[in-house]
Amino acid sequence: MRALLSVWDKTGLVKFAAGLATQGVELVASDGTAAALSEAGVAHRDVADVTGFPEMLGGRVKTLHPKIHGGILADRSQAQHMADLEDNDIGLIDLVVCNLYPFSADPSVELIDIGGPAMVRAAAKNHQHVGVVTSPSQYATVLDELTASGTLSNGTRHELARAAFAHTSAYDAQIVRWLDGGGVIGDAPGVTDAVVPQTLHLSLERANVVRYGENPHQVGARYRRSGSTPWWDGVIQHAGSALSYLNLFDADAAWRLVHELNEDFPGFSCVAIIKHANASGAALGSSLGDAFSKALAADAQSAFGGIVAIDGDVDGPLAELIAAGPQADVIIASSFREEAIALLVARRKATRLLSAPV
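Residues numbered from 1 in each chain as written. Predicted model: local features only at pLDDT ≥ 70, side-chain atom pairs only at ≥ 80, totals over all residues. Heavy atoms only, no water.

## Regarding the overall build of the protein
Condition: A helix here means a DSSP run of H or I that spans at least four residues, while a strand means a run of E at least two residues long, and both kinds are numbered starting from the N terminus. Note on method: radius of gyration uses C-alpha positions; expected globular size equals 2.2 Å times residues raised to 0.38. Exposure is judged per residue with a 1.4 Å probe applied to protein chains only, and the accessible area is read against the type maximum: over 50% gives exposed, under 20% gives buried, and values in between give partly exposed. Between two residues, a contact is recorded if the distance between any of their heavy atoms is within 4.5 Å. Every accessible area reported is derived by Shrake-Rupley at a probe size of 1.4 Å, with residue values counting cover from the shown protein chains alone.
Looking only at helices and strands, the protein features 13 helices and 13 strands. Since a compact globule built from 358 residues should have a radius of gyration of about 21 Å, the 27 Å found for the protein marks it as more spread out than a globular shape. Out of the 358 residues in the protein, the part that is buried amounts to 42%. The contacts in the protein between residues at least 6 apart in sequence include a share of 52% that link residues at least 24 apart. Here the protein has roughly 18200 Å² of accessible surface; of this, 54% comes from carbon and sulfur atoms.

Spelled out as structure tokens, the structure:
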């Protein structure tokens, strides 16, 4: 068995490569990956040794070669494919380990990966015969399976291939967004294209599955833009039932609203109460308690079962005031004191208590 390793993110690389080597896997590595393995003392061959050609054009060409892509793309059920490999002295590649240049971190021409996506897509296309690993988070699963059975199951290769195409799709979407902004030699987009570009390329990854969708019989989930870390990723749930789709939807609206109020009216305390994405009340006050009382007074009836967003710390007295009011499905705040959590849990056991990044 032979594996080709060419990774930008070297998290866990050495341990994974060493684990593959203990299973008798021959390792082939390119430039920076090869250097990391050499430094760690992990035996491997350089890509240039396999292709017979040195890396060139400042690294733009190193794996784009028939001895690499032939070994990845060969359909092993086709006699002619296998004969072509033998006639051209091309060895099979059974596993491709590759993640792409971090384009979104510093968009530039040199971070547009060419060889990486080509290898990833080739391996994913031929996933009946080749495994493709695009994230360090997959290392443990792959190594455990190879250790247990010496090969990857059909199910694992299928899931890896799906993740690979999602990986390259997200990468291409980042490049399109950069070009839409002008790239290197393009003009900045005009008003129309800036607001409504000719095409939209969105790539979203599932962050978590929620309790249910808009209704209890439906499935729901929260997604984020691939490679991003939105403020929801920093939310901590201190108490209450699991979040549903509408909890996320309304809490997001409420949290954004109190921050808009804070930006427009600095120096005031801000509270918003949201029900079905509409504000039943939103207020500024001299204190958070004052702002909450004003927001509740706007429409106390609609506030029942809503979301309370508090742009600040919830202490015991504020928690007492909230608990005395209508039942809230969610209370989202910058932070909670321990006594506030204890009081709200005792009085409103099902209420979700969320602290969110400021």
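## As for a nonpolar patch on the surface
Just so we agree on the cut-off: Here, patches come from residues exposed beyond 30% relative accessible area and free of salt bridges, joined within 9 Å for like charges and within 5 Å for nonpolar side chains (Val, Leu, Ile, Met, Phe, Trp, Tyr). Salt bridges, as used here, are contacts in which a Lys or Arg side-chain nitrogen is within 4 Å of a carboxyl oxygen on Asp or Glu.
On the surface, Leu200, Leu202, Leu204 and Tyr223 cluster together into a nonpolar patch covering about 480 Å² of accessible area. Its location among the elements puts Leu200 in the loop between helix 9 (191-195) and strand 6 (204-209).

## So, the sheet that holds strand 4 (residues 95-99)
Cut-off, in case you're wondering: Pairing between strands requires that DSSP locate at least two bridges from one strand to the other.
Judged by pairing direction, the sheet is parallel, and its 5 strands sit side by side in the order 3-2-1-4-5 without closing on themselves. Every interior strand has two partners, whereas the edge strands, strand 3 (45-46) and strand 5 (131-133), have only one.

## Some points on unusual backbone geometry
Residue His276 is not a glycine yet carries a positive backbone phi of 55 degrees. Position of His276 among the secondary structure elements: in the loop between strand 9 (269-275) and strand 10 (278-285). Residue His276 is classed as exposed on the basis of its relative accessible area, which comes to 51%. If you check the backbone angles, Ala277 has positive phi at about 70 degrees while not being a glycine. Topologically, Ala277 is positioned in the loop between strand 9 and strand 10.

## Here's the deal with the pattern of salt bridges
Scanning the entire structure with this criterion turns up 12 salt bridges. Between Lys294 and Asp290 there is a salt bridge, with the nearest N and O atoms lying 3.3 Å from each other. Highlighted residues: Lys294 and Asp290, both in helix 11 (residues 288-298), separated by 4 residues, approximately one helical turn. On the basis of relative accessible area, Lys294 is assigned to the partly exposed category, the value being 43%. Looking at Asp290, the relative accessible area reads 24%, which means it is partly exposed.

## A look at the packing of helix 12 (residues 316-323) against helix 13 (residues 338-347)
The cut-off we apply is this: Geometry is summarised by axes, namely lines fitted to C-alpha atoms with helices restricted to the contacting stretch, and by angles between N-to-C directions that run from 0 to 180 degrees. Roughly parallel covers angles under 35 degrees, roughly antiparallel covers those over 145, roughly perpendicular covers 65 to 115, and oblique covers all other angles. Take the far helix as your reference; a near helix turned counterclockwise from it by less than a right angle gives a left-handed crossing, and one turned clockwise gives a right-handed crossing. Under the scheme applied here, ten amino acids are nonpolar (Ala, Val, Leu, Ile, Met, Phe, Trp, Tyr, Cys and Pro), four are charged (Asp, Glu, Lys and Arg), and all others, including Gly, are polar.
Axis separation between helix 12 and helix 13 bottoms out at 8 Å; the angle between their running directions is 20 degrees. Taken together, the axes of helix 12 and helix 13 are roughly parallel relative to one another. Like other packed secondary-structure pairs, helix 12 and helix 13 cross with a definite hand, here right-handed. Here Gly316, Ala319, Glu320 and Ala323 of helix 12 come into contact with helix 13, specifically with Glu339, Ala340, Leu343, Leu344 and Arg347. Residue classes in the contact of helix 12 with helix 13 are distributed as 5 nonpolar, 1 polar and 3 charged.

## Description of the sheet that holds strand 12 (residues 328-336)
Within the open sheet, the 6 strands sit side by side as 8-13-12-11-9-10. Their pairing is mixed. Each edge of the open sheet is held by one strand with a lone partner, namely strand 8 (236-239) and strand 10. Each strand of the sheet is rotated relative to its neighbour by a mean of 20 degrees, with strand direction disregarded. In this sheet, strand 13 (residues 352-355) lies alongside strand 12 in parallel orientation, the contact comprising 4 bridges.

## Describing the packing of aromatic side chains
Just so we agree on the cut-off: Two aromatic rings, drawn from Phe, Tyr or Trp (for Trp, its six-membered ring), form a pair once their centres lie within 6.5 Å of each other, and the interplanar angle then sorts them: stacked below 30 degrees, edge-to-face above 60, tilted otherwise.
A complete count under the given rule lists 7 aromatic pairs for this structure. With 5.2 Å between their ring centres and 65 degrees between their planes, Trp8 and Tyr101 make a pair best called edge-to-face. In this pair, Trp8 sits in the loop between strand 1 (2-7) and helix 1 (13-22) while Tyr101 sits in the loop between strand 4 and helix 6 (115-125), placing the two residues 93 residues apart along the sequence. Overall, the relative accessible area of 22% leaves Tyr101 in the partly exposed class. Between Trp231 and Trp255, the aromatic rings sit 6.3 Å apart at their centres with planes inclined by 40 degrees, giving tilted as the arrangement. Note that Trp231 is positioned in the loop between strand 7 (221-225) and strand 8 and Trp255 in helix 10 (residues 245-264), a separation of 24 residues in sequence. In this structure Trp255 comes out as buried when scored by relative accessible area, which is 3%. Each member of the aromatic cluster is reached from another via a ring pair, and the members are Phe103, Tyr171 and Trp178.

## Some remarks on the pairing of strand 12
Cut-off, in case you're wondering: A crossover gets the label right-handed when its path from the first strand over the helix to the second runs clockwise, viewed with the strands pointing away from the viewer.
In terms of residue burial, strand 12 counts as a mostly covered element, since 7 of its 9 residues are buried. The pairing of strand 11 (residues 306-314) with strand 12 spans 7 bridges and is classified as parallel. Bridge assignment links Asp313 to a residue of strand 12, and that residue is Ser335. Regarding the hand of the β-α-β motif, the stretch spanning strand 11, helix 12 and strand 12 is right-handed. In this view, the connection linking strand 12 to its parallel neighbour strand 13 by way of helix 13 has right-handed handedness.

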